[in-house]
Amino acid sequence: MSFLKSLFLILGLVTGAIASPALAQSEPETLRPLINELAKGKYAETEQQIGALAATGDPAVAPALKALSEGDLFFRKSDGAVFIAEKQGKSYNLTDPLTLETAGEAGRREVKKIKVNNKLRRVIRSALGSLTLMASDPKVRRQAAVAIFKAKDPDGIEALDVALAAEEDEGVRRVMEQARAAAVLNSDLDETQKLDAVATLSDMGNRDALSLLLSVRASSEGAVQSAASDAVTKIEKSIAAWDAAQNIWYGVSLGSVLLLAAIGLAITFGVMGVINMAHGEMVMIGAYTTFVVQDVIRTSMPGLFEYSLFIALPLAFIVAGLIGIAIERGVIRWLYGRPLETLLATWGISLILQQAVRSIFGPTNREVGNPDWMSGAFELGQMTITYNRMWIIVFALLVFAGLMLVLKKTPFGLYTRAVTQNRRMAASMGIRTPWIDALTFGLGSGIAGIAGVALSQIDNVSPNLGQGYIIDSFMVVVFGGVGNLWGTLVGAMTLGVVNKFLEPYAGAVLGKIFVLVFIILFIQKRPRGLFALKGRAVEA
Amino acid sequence: MMSSFLFRAMDAKAGLFLAILGAAIVLIPAGNLLVPETSPFHVPTYAVTLMGKYLTYALLALAVDLVWGYCGILSLGHAAFFALGGYAMGMYLMRQIGTRGVYGDPVLPDFMVFLNWEHLPWYWYGFDMFWFAALMVLLVPGALAFVFGWFAFRSRVTGVYLSIITQALTYALLLAFFRNDMGFGGNNGLTDFKDILGFDIQADTTRAGLFAASGLALVLCFLICRSITRSKLGKVLVAVRDAESRTRFLGYRVEHYKLFVWTLSAMMAGIAGALYVPQVGIINPGEFAPANSIEVVIWVAVGGRGTLVGAVLGAVLINFAKTWFTAALPDVWLFALGGLFVVVTLFLPKGIVGTLSSGWTALRQRKISARYEAGSDQPPSPAPHSPGAAANVSPRTENTAPNASGAAKPQPAE
């Protein structure tokens, strides 16, 4: 009979509460005598004392056991009290093993280390495993099960069986079953047990299970081996599917970044026929607005940090939009109908804006923080989804929908379309065309600005930020087809996904080169993009 | 026949320009090599190199002016041809180092030894011979331009779309040349050159020689461009620029004309790059940057597109200003350059030379009409062969329909 079994028998007899280990919580002071017992006796007695400690089922004893196995547990010679001690120069810093509060210092001669050997370490590990498996916090229980899964320790099977009987949380229970299966496969139990374990792992279906099953396939024989190899094939298939899904996710995520960068350009270039080379700088201005907002918040009202992006969004829209209107009024309005010259003039403006930002904020990257809800990641099946990418996708789609609504459902959108289709007729109908031009350009620039807020979360905020996006944005607009926002959406998503699918085979840079060459060739086939406008007017 | 072809290029204005350029080619090296250093007329070697660099830029600008000013193809990718020519020359210079490299390998350039390459890649074969490298300086940019133009012009990619995909072209090359496994030295590029044609590349005489070679190449390319633009071919090009469909309907194979000047222009850019590299001593992927191509367009726009002389003048002036600004007021340079762009497109759409020459034409017209009104002369006729007058046709005709491209957009699909 193994040690753990006897342990749990004792536990059952003493408390009669195996089914609810969480109840077995006790006050530190009732545990202290048990812990102090560790200071006495030889290895065999220590083993029993560890058993007694584990039998309390109280996670509070875990730090002491952990310290014991690492050789950090000491007792004071004067009164036999046990402490976790850390060497500090010539003396030791003492920590209370139960409350984990500091308990003063002790000289080198005043304390003595409690000795452990390898056998005891193993006992402690199992005891720790079972203690944490019975912890009241489901997260701790899950972690304990994951640890056993990784260790594949056959000694953990009994503890897991007990814990499984008591477990009520479905998710933790599954992890425990998987851990048990991993341990079973590593033990010398009989074939039926192992077949069950293979089935459990096969249902698990991720890379961890795959590597386990691969080693099982290599080391076992007969029915277990064939079951394992079946399971391996099944898992490999599912992993391939999940990989594809992950690639699509990355692609959509890249696509939404492209969409954000390009959608403002789609208005100024696609709707107005103005090639705005300073578009990237509008994105940059949005990112710097975020930086300034966060800077102000950091120094004056730190509590608002979580909302900094919501404050930055309207500000970035207004700042970039106003600069856009100024550019339109100052320069572009003289150049309508001469797209190549707007290209040159706006390139000049982009140089000026870059240098202005460099003069004000310095040439180096600026630190823009992620709020809590933008950082971290979660697992969906076997995909890892980071929150910042997810919110950027959501945000890009919202911006797209919002822009569509503005252009289709508001009077301003109606006027914009009227002016871009037939300026003279629109003017005759009483629309103030110069105003509409300025506002449309401001809208495109403002959207670039809010794109900058989003991009500041995933990219370096530096004076060159805009330059990095301008070529990609043009590719998206040209690929999608000028003058069509749906084309921009489809173009951005297609290029994003294609890029991400090429990357595993070609590498990031080569993948990007392929995409560029692909666009160059595509333009030959469809010189007006994916969603080309048709009709006589296009040729003009 | 060739001489008559080149003879057509000559007139008073071109003569003046060539005289100035010729004087520079003779006087600057002479001032460097023959005048003693103590004399106030001595030209320091760094100045010779600097001006040699300007001349190669001028040649690049000339190439851009040929396609943009006369054929209406706004290339935002000419830096690609420039850099390809430069790489071809750089590969030759790299092979001339021999065992004098850091690793002393007689065959492999330093960066290949560093990256543990075993053999010279096949595309490096032949670059130990100057004639082969010189051939490649013409052929590589020419072939790329031919293939690119073949596709682009046949499928009638024009205007803004063409500009954007030329930018994509140079950007793709930029990314490619940054890769270490391309065999062109990755982001460090090719450098540490020693000899060219057996002469020490650092020597004063070689520097002067390279300057003179750049000047001669510029003269030669100028004559070729000028004879093209003044020939019937040039008239067709201007027709393509101003009304492409109309020219096509008249029976001209527009794409052939475009392909010809486009490829020729790319080769000129290649020559410019090849002369640039030995003078600055390095070629790296940064030369492919789209921003470089756009900057060339600015030189041409400032000098005056469609004037040839203007392109040269713009390149030299702006680069001189750049050298001065980046040394004296580095922070102001981008403001100045950006401001120049805006001012030139808004107020000087014909550039310096274009404005001056149309001012000159207008003045002469007024004199002639004054004489006509006095009843002593023939009725006025527009001055023939005035490049400035030809150049301003394009913006004006485009301008008659304000927001032509914008007005053309039908409603987005409902």
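Everything numeric here is computed off the predicted structure, so don't read it as measured data.

(A) Molecular detail of the overall build of chain A. Check the secondary structure of chain A and you find 21 helices and 7 strands. A globule of 540 residues ought to have a C-alpha radius of gyration of about 24 Å, yet chain A, at 33 Å, is considerably larger. Expressed as lengths along the three principal axes of its C-alpha atoms, the size of chain A is roughly 100 × 60 × 40 Å. Burial analysis of chain A (540 residues in total) assigns 52% to the buried set.

(B) Local environment of the pairing of strand S2 (residues 82–88) of chain A. All names here are of chain A. Two elements, strand S1 (residues 73–76) and S2, share 3 bridges in a ladder whose sense is antiparallel. Across the sheet, the residue bridging to Phe 74 is Phe 83, located in S2. The antiparallel pairing of S1 with S2 creates a hairpin that spans 5 residues between the two strands, and Gly 80 there sits at a positive phi of about 75°. In this antiparallel pair of consecutive strands, S2 and strand S3 (residues 91–95), the connection spans 2 residues, and Gly 89 shows a positive phi of 65°.

(C) Structural detail: the environment of Lys 409 of chain A. Mapped onto the secondary structure, Lys 409 of chain A falls in helix H15 (residues 387–409). Between the C-alpha atom of Lys 409 of chain A and that of Ala 278 of chain A, which follows or precedes it by 131 residues, the distance is 28 Å.

(D) Quick look at the sheet that holds strand S4 (residues 102–106) of chain A. All names here are of chain A. The antiparallel open sheet is built from 5 strands, whose spatial order is S4-S3-S2-S1-S5. The open sheet terminates on both sides in strands that have one partner only, identified here as S4 and strand S5 (111–113). For this sheet, the mean inter-axis angle between neighbouring strands, taken without regard to orientation, is 40°. Direction of pairing for S1 relative to S5: antiparallel, over a ladder of 3 bridges. By the bridge assignment for S5, Phe 75 is matched with Lys 112.

(E) Structural view of a positive patch on the surface. Residues and elements named next belong to chain A. On the surface, Lys 77, Lys 87, Lys 90, Arg 108, Arg 109, Lys 112 and Lys 115 cluster together to form a positively charged patch. Inspection of the secondary structure puts Lys 87 in strand S2. Overall, Lys 87 belongs to the exposed group, its relative accessible area being 51%.

(F) Representation of the side chain of Ser 155 of chain B. With respect to the secondary-structure elements, Ser 155 of chain B resides in the loop between helix H6 (130–154) and helix H7 (159–178). Taking the relative accessible area as the measure of exposure, Ser 155 of chain B reaches 18% and is therefore buried. At a separation of 3.0 Å, a polar atom in the side chain of Ser 155 of chain B contacts the side chain of Gln 524 of chain A. With near-sequence residues (within four places) excluded, Ser 155 of chain B lies in contact with Gln 524 and Pro 527 of chain A.

(G) Spatial organisation of empty space enclosed by the protein. In the structure shown here, the tally under the stated rule is 8 cavities of 30 Å³ or more. In this structure, the second largest cavity spans a volume of roughly 90 Å³. Residues belonging to the lining of the second largest cavity are distributed by class as follows: 6 nonpolar, 3 polar and 3 charged.

(H) Focus on the packing of helix H9 (residues 232–242) of chain B against helix H11 (residues 254–280) of chain B. Residue and element names in this part refer to chain B. Viewed as axis vectors pointing N to C, H9 and H11 meet at an angle of 110°, and their least axial separation amounts to 10 Å. One element, H9, and the other, H11, form an angle in the roughly perpendicular class. Contacts from Leu 233, Val 236, Leu 237 and Val 240 in H9 reach Val 254, Tyr 257, Lys 258, Phe 260 and Val 261 in H11. Considering only residue class, the contact of H9 with H11 consists of 8 nonpolar, no polar and 1 charged.

(I) Representation of the layout of surface pockets in the model. Here the second largest pocket is characterised by a volume of approximately 890 Å³. Looking at the second largest pocket, it is lined by 39 residues, and the ones nearest its centre are Gly 468, Tyr 469, Asp 472 and Lys 512 of chain A together with Tyr 171 of chain B. Those elements giving two or more residues to the lining of the second largest pocket turn out to be helix H11 (222–271), helix H19 (465–480), helix H20 (485–506) and helix H21 (508–525) of chain A together with H7 and helix H12 (290–303) of chain B. For the lining of the second largest pocket, the element with the highest residue contribution is H19 of chain A, accounting for 9 residues. Its residues assigned to classes, the lining of the second largest pocket shows 24 nonpolar, 9 polar and 6 charged.

(J) Expanded view of the UniProt feature "transmembrane region" (unreviewed entry) in chain A. Residue and element names in this part refer to chain A. As annotated by UniProt and renumbered to match this structure, "transmembrane region" (unreviewed entry) occupies residues 248–275, 307–327, 390–407, 434–454, 474–498 and 505–523. Secondary structure across residues 390–407 comprises 100% helix and 0% strand; the distance between its end C-alpha atoms is 26 Å. Taken end to end, residues 505–523 has its terminal C-alpha atoms 25 Å apart, with 95% of it in helix and 0% in strand.

(K) Layout of a nonpolar patch on the surface. Residue and element names in this part refer to chain A. A contiguous nonpolar patch, built from Val 292, Val 296, Met 301, Leu 304, Tyr 307, Phe 310, Ile 311 and Leu 315 and spanning about 660 Å² of accessible area, is present on the exposed surface. No other element matches helix H13 (residues 308–330), which puts 3 residues into the nonpolar patch. The class of Tyr 307 is partly exposed, set by a relative accessible area of 48%.

(L) Layout of the confidence of the model for chain A. All names here are of chain A. Taken over all residues, the pLDDT of chain A has a mean of 80, while the share at 70 or more is 91%. Taken element by element, the predicted model of chain A shows its lowest mean pLDDT in helix H1 (residues 3–15) (49) and its highest in H13 (93). Predicted confidence is poor over residues 10–25, with pLDDT under 50, and the contacts of this stretch with residues over four places away or in other chains come to 21 contacts. The model gives residues 535–540 a pLDDT under 50, and that stretch makes 5 contacts with residues more than four places away or in other chains.

(M) Just the interface of chain A and chain B, in detail. With 58 residues of chain A at the interface, the matching set in chain B holds 58 residues. Here chain A and chain B share 1 salt bridge between them. Where Arg 305 of chain B meets Glu 341 of chain A, a salt bridge forms, and the shortest distance between an N and an O atom there is 4.0 Å. Where chain A packs against chain B, one counts 3 residue pairs in polar contact (both at pLDDT 80 or more). Those elements that provide at least two residues to the side of chain A that touches chain B are H11, helix H14 (339–361), helix H16 (411–421), helix H17 (423–428), H19 and H21 of chain A. Among the elements that make up the side of chain A that touches chain B, the one with the highest residue count is H14 of chain A (15 residues). The residue makeup of the side of chain A that touches chain B, split by class, is 36 nonpolar, 12 polar and 10 charged.

(N) Quick peek at the UniProt feature "transmembrane region" (unreviewed entry) in chain B. The sites that carry the UniProt feature "transmembrane region" (unreviewed entry) are, in the present numbering, residues 54–85, 129–153, 160–178, 208–225, 259–277, 297–320 and 332–349 of chain B. Spanning residues 332–349 of chain B, this segment combines 89% helix with 0% strand, and its end C-alpha atoms are found 24 Å apart.

(O) Expanded view of helix H4 (residues 62–70) of chain A. Ala 62, Ala 64, Leu 65, Ala 67, Leu 68 and Ser 69 of chain A are the residues of H4 of chain A that are buried. Following H4 of chain A by one or two positions, Gly 71 of chain A has its phi on the positive side, about 80°.

(P) Expanded view of the packing of aromatic side chains. If you walk through the whole model with that rule in mind, you get 34 aromatic pairs over all chains. Between Phe 479 of chain A and Phe 522 of chain A, the ring centres sit 4.8 Å apart and the planes meet at 55°, which makes this aromatic pair tilted. One end of the pair, Phe 479 of chain A, is in helix H19; the other, Phe 522 of chain A, is in helix H21, with 43 residues separating them in the sequence. The burial state of Phe 479 of chain A is the same as that of Phe 522 of chain A; both residues are buried. Here Trp 131 of chain B and Phe 132 of chain B contribute two aromatic rings whose centre-to-centre distance is 5.9 Å and whose plane-to-plane angle is 85°, an arrangement assigned as edge-to-face. Residue Trp 131 of chain B is classed as exposed on the basis of its relative accessible area, which comes to 54%. A network of ring pairs unites the aromatic residues Tyr 87, Phe 111, Trp 122, Tyr 123, Trp 124, Phe 177, Phe 184 and Phe 288 of chain B as a single cluster.

(Q) A look at the packing of helix H2 (residues 12–33) of chain B against helix H8 (residues 204–230) of chain B. Residue and element names in this part refer to chain B. Close contact between H2 and H8 brings their axes to 9 Å; oriented N to C, the two are set at 175°. It follows from the interaxial angle that H2 and H8 lie roughly antiparallel. Each of Ala 14, Phe 17, Leu 18, Leu 21, Ala 24, Ile 25, Ile 28, Pro 29, Asn 32 and Leu 33 in H2 lies in contact with H8, whose residues at this interface are Asp 204, Thr 205, Ala 208, Phe 211, Ala 212, Gly 215, Leu 216, Leu 218, Val 219, Phe 222, Leu 223 and Arg 226. Across the contact of H2 with H8, the residue classes break down as 17 nonpolar, 3 polar and 2 charged.

Definitions and limits used
- Residues numbered from 1 in each chain as written.
- Chains lettered and ligands numbered in written order.
- Predicted model: local features only at pLDDT ≥ 70, side-chain atom pairs only at ≥ 80, totals over all residues.
- Heavy atoms only, no water.
- Helix = DSSP H or I, 4+ residues; strand = E, 2+ residues; numbered from the N terminus.
- Rg over C-alpha atoms; globule rule 2.2 N^0.38 Å.
- Buried < 20%, exposed > 50% of the residue type's maximum accessible area, 1.4 Å probe, protein only.
- Pairing = 2+ DSSP bridges.
- Axes fitted to C-alpha atoms, helices over the stretch in contact; angles between N-to-C directions.
- Patch = residues over 30% accessible without salt bridge, like charges linked within 9 Å, V, L, I, M, F, W, Y side chains within 5 Å.
- Areas by Shrake-Rupley, 256 points an atom, 1.4 Å probe, with all protein chains shown as cover.
- Salt bridge = Lys/Arg side-chain N within 4 Å of Asp/Glu carboxyl O.
- Lys, Arg positive; Asp, Glu negative; His and termini not counted.
- Charge placed at Lys NZ, Arg CZ, Asp CG, Glu CD.
- Polar contact = N/O pair within 3.5 Å; in protein donor to acceptor, adjacent residues only side chain to side chain.
- Contact = heavy atoms within 4.5 Å.
- 1 Å grid on protein atoms, 1.4 Å probe; cavity = no way out; pocket = protein on both sides within 12 Å on 5 of 7 lines; lining within 4 Å.
- Points joined across faces, edges and corners; volume = space filled by probe spheres on them.
- Nonpolar A, V, L, I, M, F, W, Y, C, P; charged D, E, K, R; others polar.
- Parallel < 35°, antiparallel > 145°, perpendicular 65-115°, else oblique.
- UniProt positions renumbered as here; feature names shortened; annotations may be inferred.
- pLDDT = per-residue confidence, 0-100.
- Phe/Tyr/Trp six-rings, centres within 6.5 Å; stacked < 30°, edge-to-face > 60°.

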